[in-house]
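Fold and geometry: a report
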Amino acid sequence: GNARNGVSVDANAMKLAMMDESTDVPKTTLDQHFTRFYSIEHDICVCRHNNGILMLMIAEHHSVIKNLSSIAVEKIEFRDVAQVSGKRKRGGTTIQDGTKLASVFMSDGTVIEVRSPVRGVLLEINDALCTKPELIQNDPFNRGYLCTVLPMGRNDLKDAQKSCIGLIPKQDYFTRKQHPDINSLSTFPAT
């Protein structure tokens, strides 16, 4: 390996750490730094960063994405959001499980309400969706994310984990969506 500042770095070990062991495909930045959880009820993917910050995204089975080939998103209107300020992010809008985040206007005339599966302080909404609403369908896990949330009482990682109670891992989400009669799969953290 290479030596940097007296530390030996094995290039192959670093490459392996950045690979998805199940597919031998390089991990995305999202998968390297975030843990994904899913809400069956709201069809939202909650990505928890290593620092505890949450990013909310439309999940793969959400009705906004399901009819991607035939029904397009025309407009997205977010709820009013208070500006946060300072190092401690004061003044943000508090959201709860079930709080309406946005209304998505579809080309067939339907309006889909997008709701939060977590409680916390809404730090920011993705303004890009207001000018390019198609990103929510075409790039939901990158430029089409919904918002970032600071978990309530985020004093340490335990608080960030508490905000994910009731959410399920990715594989369980897909299994439940394919077999809705299955209800005995795990939630995070195990209760």
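Quick caveat, the model's predicted, so the values are computed rather than measured.

A word on helix α7 (residues 170–178)
For an α-helix the count is 3.6 residues per turn, leaving residues at separations of three or four pointing the same way. For α7, every residue scored as buried is listed here: D172, Y173, F174 and R176. Where α7 is buried, its residues touch β5 (34–39).

A few points about the pattern of salt bridges
Under the criterion given, the structure shown has six salt bridges. Between E77 and K75 there is a salt bridge, with its nearest N and O atoms 3.0 Å apart. Connected through salt bridges with shared partners, the residues K100, E113 and R115 form a single ionic network.

Structural notes on the sheet that holds strand β9 (residues 93–95)
Here six strands make up an open sheet; going across it, the order is β5-β6-β7-β13-β12-β9 and the pairing antiparallel. Taken across any chain shown, the strands that pair with only one partner, and hence form the sheet edges, are β5 and β9. Ignoring strand direction, the axes of neighbouring strands in this sheet form an average angle of 35°.

A few points about the environment of I71
Secondary-structure assignment places I71 in the loop between α3 (63–66) and β8 (73–78). Under the relative-accessibility criterion, I71 is labelled buried at 15%. The sequence separation of I71 and D108 amounts to 37 residues, and the corresponding C-alpha distance is 6.3 Å. Filtering out sequence-adjacent residues up to four positions away, I71 remains in contact with M106, S107, D108 and Q137.

Some remarks on the environment of S103
Structurally, S103 is set in strand β10 (residues 100–106). For the pair S103 and E77, spaced 26 residues apart in the sequence, the C-alpha separation amounts to 5.3 Å. Those residues in contact with S103 that sit more than four places away from it in its chain are K75, I76, E77, V111, I112 and E113. Here K100 takes part through its side chain, which lies 3.0 Å from a polar atom of the side chain of S103.

Thoughts on the nonpolar core
Ranked by internal contacts, the top residues of the largest apolar core, which has 30 residues, are L56 and L146. The element contributing the most residues to this core is β10, with four residues. Those residues in contact with L56, other than ones at most four positions away along the chain, are I44, C45, V46, L101, S116, P117, V118, Y145, L146, C147 and V149. Counting 12 residues, the second-largest nonpolar core is a separate cluster that includes F34, Y38, M55 and M57.

What counts, and where the lines are drawn
Residues numbered from 1 in each chain as written. Predicted model: local features only at pLDDT ≥ 70, side-chain atom pairs only at ≥ 80, totals over all residues. Heavy atoms only, no water. Buried < 20%, exposed > 50% of the residue type's maximum accessible area, 1.4 Å probe, protein only. Helix = DSSP H or I, 4+ residues; strand = E, 2+ residues; numbered from the N terminus. Contact = heavy atoms within 4.5 Å. Salt bridge = Lys/Arg side-chain N within 4 Å of Asp/Glu carboxyl O. Pairing = 2+ DSSP bridges. Axes fitted to C-alpha atoms, helices over the stretch in contact; angles between N-to-C directions. Polar contact = N/O pair within 3.5 Å; in protein donor to acceptor, adjacent residues only side chain to side chain. Core = buried A, V, L, I, M, F, W, Y, C linked by side-chain atoms within 4.5 Å.

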